[in-house]
Amino acid sequence: MKLLASVANVQGNMEVPLKDGVRQAPLGIAISCQGKGTMNVTYAPSGLSFPLQCADDTVSTTYNQIDLKHKRASASVSVRAPNSVRWAMSVGQ
């Protein structure tokens, strides 16, 4: 799997562009968070999304895979999270 994007130690919202777009292949999104609140992760351009519930006293981690049917020259993953949540994400394909 090739790493397309990675961010760490982020608080609040962020849109992360995927370098060189995406291929017609599975796209993996791994994300970890800590802090009280719920964050939502969205892949664009399709708008597919998933939530992750975060807690103060533990690191919550999830991995989701999206089977992409089309290659895209431009794509991104957006995270909407409260400022109380610190998070990190890696996206690969």
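Up top is the structure.
## Observations regarding the sheet that holds strand β3 (residues 26-34)
Across the sheet, four strands lie side by side as β1-β8-β3-β6; this open sheet has antiparallel pairing. Across the chains shown, the open sheet's two edge strands, defined by having one partner strand only, are β1 (3-11) and β6 (60-67). For this sheet the average axis-to-axis angle between neighbouring strands, irrespective of direction, equals 10 degrees.

## Comments concerning the state of the cysteines
As enumerated under the stated definition, the model contains one disulfide in all. Disulfide partner of Cys 33: Cys 54, at an S-S distance of 2.0 Å. Between Cys 33 and Cys 54 the sulfur-sulfur dihedral comes to about -105 degrees; the bridge is accordingly left-handed. You can see Cys 33 sitting in strand β3 and its partner Cys 54 sitting in strand β5 (residues 48-54), a full 21 residues away along the chain.

## Quick look at the sheet that holds strand β2 (residues 14-17)
What the four strands build is an open sheet, ordered β2-β7-β4-β5; its pairing is antiparallel. Across the chains shown, the open sheet's two edge strands, defined by having one partner strand only, are β2 and β5. Geometrically, the sheet is characterised by an average inter-axis angle of 20 degrees between neighbouring strands, direction not taken into account.

## Thoughts on the pairing of β5
As judged from the seven bridges shared by strand β4 (residues 37-44) and β5, these two strands associate in the antiparallel manner. Residue pairing in the sheet places Asn 40 in a bridge with Pro 51 of β5. Connecting β4 to the next strand, β5, in antiparallel fashion are three residues, including Gly 47 with a positive phi near 85 degrees.

## Some words on unusual backbone geometry
Despite not being glycine, Asn 9 has its phi angle at roughly 55 degrees, a positive value. Relative to the helices and strands, Asn 9 resides in strand β1. Of the residues examined, Asn 9 reaches a relative accessible area of 56% and is grouped as exposed. Unusually for a residue other than glycine, Asp 20 sits at a positive phi of about 60 degrees. Structurally, Asp 20 is set in the loop between β2 and β3.

Calculation criteria
- Residues numbered from 1 in each chain as written.
- Predicted model: local features only at pLDDT ≥ 70, side-chain atom pairs only at ≥ 80, totals over all residues.
- Heavy atoms only, no water.
- Pairing = 2+ DSSP bridges.
- Helix = DSSP H or I, 4+ residues; strand = E, 2+ residues; numbered from the N terminus.
- Axes fitted to C-alpha atoms, helices over the stretch in contact; angles between N-to-C directions.
- Disulfide = S-S within 2.5 Å.
- Buried < 20%, exposed > 50% of the residue type's maximum accessible area, 1.4 Å probe, protein only.

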